[in-house]
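Tertiary structure, described
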Amino acid sequence: MEMENLRSVLDWDNCKECGECLVNCRYMNLSRQDAIDEIKKINKRDLASSKVLKKCISCYACDAFCPNGAHPYERIHYNWDYRYKIKGLPMRASYLMPSRQPNFRENLPFSPKEKALHKKWASDVPPAKVVLYPGCNLLSMPRLAEGAIFERLPVWGRWDLCCGEMYFRMGLLEPTARIAEKLTEFYKDKNLDEMVFICPAGYNMFTNVLPKQFGAKFPFKTTFFTDWFLNELDKGTFTIKHKLNKSVVMHDSCHARVLGDEFMDKQRILLKQLGVTIHETPKNKKHGLCCGVAAGTNRYSVFDLSIAGIKEIFTLDRASGDDIVAYCTGCLLTLSCFRLLNPFGKRLVHPLEYVREAIGEKVTRTNQKKAFWALLGIMTHALPAYLNPKRFYV
Ligand code: SF4
Ligand code: SF4
């Protein structure tokens, strides 16, 4: 996938080099003039002297800041893609890659109940016309998707139907394009009407990124879980049996920021309907911080990832609210890793857990256990790879 093929899709010529995107970045600390100089370097593919290209943590927020829809984030990607084509990836990145074995999600230990869920969800044909796409994060914590809701909305998916988000976030354009092709081929004759997503990353990949930037074609409607569930509540399929007396602080995900205010507000509307009181961090929504996972995708660095993740969990712990709500399953797992550093901080919760409690179900929580094993896997597989000088291509 060459830059020229994507110029029109990404409104390449819309960039006014105004610097609005980068001056708002919470990680680069740029003045307006520095931001203008940086976007010029990014547009010229000046990898050698651009601070942003070296230090950007891939949080995606600059796309939300651009008033001209000129995709500054994807401009950064083009540079990283060019770097990848020349140099490949260091071996320390291997454990983070969905297609490589072992990798930090598939390498988690799974109980017999969890394995049974994986098996059930991997049926050859879809169990219904409307299904829930699990994505790698729900596959990592499958017991989130138990109970009555998933009798009505069966989960259908498996590890190898990865949405390619990790490649996209690393700016690996050709591997992302291969995923778009593979998923188009897989889903073309599956007779699905609607695919519902519990993870904003998978939702954005299937709704926007893969079709609009990488030519994927999906013969079904895509819906985010919150919209699906609110609609089911309206229809009376489910009823809130008891309001929850909870107070939470919100963590918004990278993909949620580009999906927009309406999307982020919807998550809050659902929680309020369940009886949850919402608090915010001093800078929130599109100005909020990354959970950390994206920060590892520029320099493939566990240290970059840790610094960003610790910054966010401390920010959330300092805010009001008893629990932290992370409505992205990926953020939930990543922030849970940093929770291990301060086990006495706020509890990390996915809204689905509140939903299931409110309709009268008991939820088996696994995020902290999975985070422990994910962290151990990273320490034993990714850290030793820092000493390996080899490089690889996906
Ligand atoms: S990408 Fe958008 S915000 Fe950034 S410099 Fe270009 S026009 Fe301005
Ligand atoms: S992706 Fe995030 S860290 Fe990188 S330049 Fe954009 S806003 Fe800043």
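The structure this text deals with has already been given above.
These numbers come from a predicted model, not from an experiment.

Scanning the chain for helices and strands turns up 19 helices and nine strands. Each principal axis of the C-alpha atoms in the chain carries an extent, and together these give about 60 × 45 × 45 Å. Taken over 394 residues, the chain has a buried fraction of 58%. Long-range contacts, defined as pairs at least 24 residues apart, comprise 75% of the intrachain contacts of the chain with a sequence gap of at least 6. Distance between charge centroids for the chain: 4 Å, based on 58 positive and 42 negative side chains.

Time to look at the site of ligand 1. Near ligand 1 you find 13 residues, and of these C15, K16, C18, C21 and C66 are the closest. Per-class residue counts for the shell around ligand 1 are eight nonpolar, two polar and three charged.

Next up on the list: empty space enclosed by the protein. Per the counting criterion, the structure on display carries seven cavities of 30 Å³ or more. Forming the walls of the largest cavity are 33 residues, and the residues nearest its centre are R105, C136, N137, E165 and A201. Among the secondary structure elements, those contributing two or more residues to the lining of the largest cavity are α8 (135–140), α10 (165–170), α12 (200–214), α14 (254–259) and α17 (329–339). Each of domain 2 (111–233) and domain 3 (240–392) accounts for three or more of the residues forming the lining of the largest cavity.

Turning our eyes to something else, we now look at the sheet that holds strand β7 (residues 323–326). Strand order across the open sheet formed by four strands is β6-β5-β7-β8, with parallel pairing between neighbours. If you trace the sheet from one side to the other, it starts and ends with β6 (276–279) and β8 (347–349), each paired once. Between one strand axis and the next, the sheet turns through 40 degrees on average, direction left out of account. Pairing of strand β5 (residues 246–251) with β7, which is carried by four bridges, proceeds in the parallel orientation. Counted as the bridge partner of V248 is D323 from β7.

Conventions used here
- Residues numbered from 1 in each chain as written.
- Chains lettered and ligands numbered in written order.
- Predicted model: local features only at pLDDT ≥ 70, side-chain atom pairs only at ≥ 80, totals over all residues.
- Heavy atoms only, no water.
- Helix = DSSP H or I, 4+ residues; strand = E, 2+ residues; numbered from the N terminus.
- Buried < 20%, exposed > 50% of the residue type's maximum accessible area, 1.4 Å probe, protein only.
- Contact = heavy atoms within 4.5 Å.
- Lys, Arg positive; Asp, Glu negative; His and termini not counted.
- Charge placed at Lys NZ, Arg CZ, Asp CG, Glu CD.
- Near = heavy atom within 4 Å.
- Nonpolar A, V, L, I, M, F, W, Y, C, P; charged D, E, K, R; others polar.
- 1 Å grid on protein atoms, 1.4 Å probe; cavity = no way out; pocket = protein on both sides within 12 Å on 5 of 7 lines; lining within 4 Å.
- Points joined across faces, edges and corners; volume = space filled by probe spheres on them.
- Domains from an automatic or database assignment.
- Pairing = 2+ DSSP bridges.
- Axes fitted to C-alpha atoms, helices over the stretch in contact; angles between N-to-C directions.

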